[in-house]
Amino acid sequence: MKGKPITGITPSKALCWTEKRDETSIFPPAVADINGEYFFISGFDEAENYYAVEAANLAQALELSASAYGRINIVDLANISCICTKLGISHSEVKVFSQYNIKGRQNFQTLEAVASYPEPLKKYLRSKDIPLKTLAVFNKLNDTCMAYIISTVAARDISQGDFRNLVNILFDMMPEITPEHLRGDALKNLSAERDRTRRTFMEGFAELAAELPLTVSSPDNFETGRLTFSFTAESAKEAEHILGSALSQTTAIQKIYGFMDEQDIS
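1. Some words on the nonpolar core
Ranked by internal contacts, the top residues of the largest apolar core, which has 67 residues, are Leu 62, Phe 97, Leu 111, Leu 125, Leu 135, Phe 163 and Leu 170. Per-element accounting of this core gives the leading share, seven residues, to helix H2 (residues 74-87). Residue contributions to this core reach at least three from each of two domains, namely domain 1 (3-99) and domain 2 (117-193). If near-sequence neighbours (up to four positions away) are discounted, Phe 97 is found in contact with Leu 77, Ile 80, Ser 81, Cys 84, His 91, Ile 102, Phe 108 and Leu 111. Formed by 13 residues, the second largest nonpolar core is a distinct cluster that contains Phe 205, Leu 212, Phe 222 and Met 260.

Okay, structure coming up:
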């Protein structure tokens, strides 16, 4: 950044997006000069001397600020996004978001929620590369599940994979979760519970499907209620027989879909 030293100013902290860094710098804090108004873009501490660079607008000043720090974490990105929203800066004008492939209203809403996370979770996210889609699921958890995750990352440094799996399984099984599930290792407890639940479901589904002369399967692993009915025939006569038999067993088909409705799969 080309600029010049300047003294006797009181810069605005409106663009201050990063928490105080531990490292010290031999350079004076930098400010952006926007038509004679100065904004902190690095350093963020008041001093006698500043290094001033010109910027056309707030978006450019914020971009200069983000680029001055190199790679930044998701908590920093959340703070930058909140500043954009507060000051009416278009996210598309701040290139740092595209550099991290963040776009779309929902992603920015997810990102800005990070700024209000409690400090133990922020501390964890500063050192881990957790995808926004995982945090979007986290934001949908109830208070009990959120509190469990926060206490977990505060107590130990879990891997990114365990964090993602924990968030997903808590969300998937949230209606069935009891206090016992959250005592100790919830990921292990709930995985065992889910395996038992799935095994019971698959046994019931297979029993109902066996009543048909067709193979019944789920093309999306029961994420939705869509089912595939198929059969193999070696002749037209055999095909006609199978189809006729299947068409006469609509009650069995209704039972299968009724069973899935009972499991909230639709």
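2. A few points about the environment of Ala 59
In this structure, Ala 59 sits in helix H1 (residues 58-68). Relative accessible area serves as the criterion here: at 6%, Ala 59 is assigned to the buried category. Filtering out sequence-adjacent residues up to four positions away, Ala 59 remains in contact with Ile 89, Glu 93 and Val 94.

3. Focus: the environment of Pro 175
Here Pro 175 is to be found in the loop between helix H8 (160-172) and helix H9 (186-209). Separated by 36 residues in the primary sequence, Pro 175 and Glu 211 have C-alpha atoms spaced 32 Å apart.

4. Points about the domain arrangement of the protein chain
Entries for the protein chain in the domain assignment read domain 1 (3-99), domain 2 (117-193) and domain 3 (196-262). Just the C-alpha atoms count here: the centres of domain 1 and domain 3 sit 61 Å apart.

Thresholds, definitions, all that
- Residues numbered from 1 in each chain as written.
- Predicted model: local features only at pLDDT ≥ 70, side-chain atom pairs only at ≥ 80, totals over all residues.
- Heavy atoms only, no water.
- Core = buried A, V, L, I, M, F, W, Y, C linked by side-chain atoms within 4.5 Å.
- Buried < 20%, exposed > 50% of the residue type's maximum accessible area, 1.4 Å probe, protein only.
- Helix = DSSP H or I, 4+ residues; strand = E, 2+ residues; numbered from the N terminus.
- Domains from an automatic or database assignment.
- Contact = heavy atoms within 4.5 Å.

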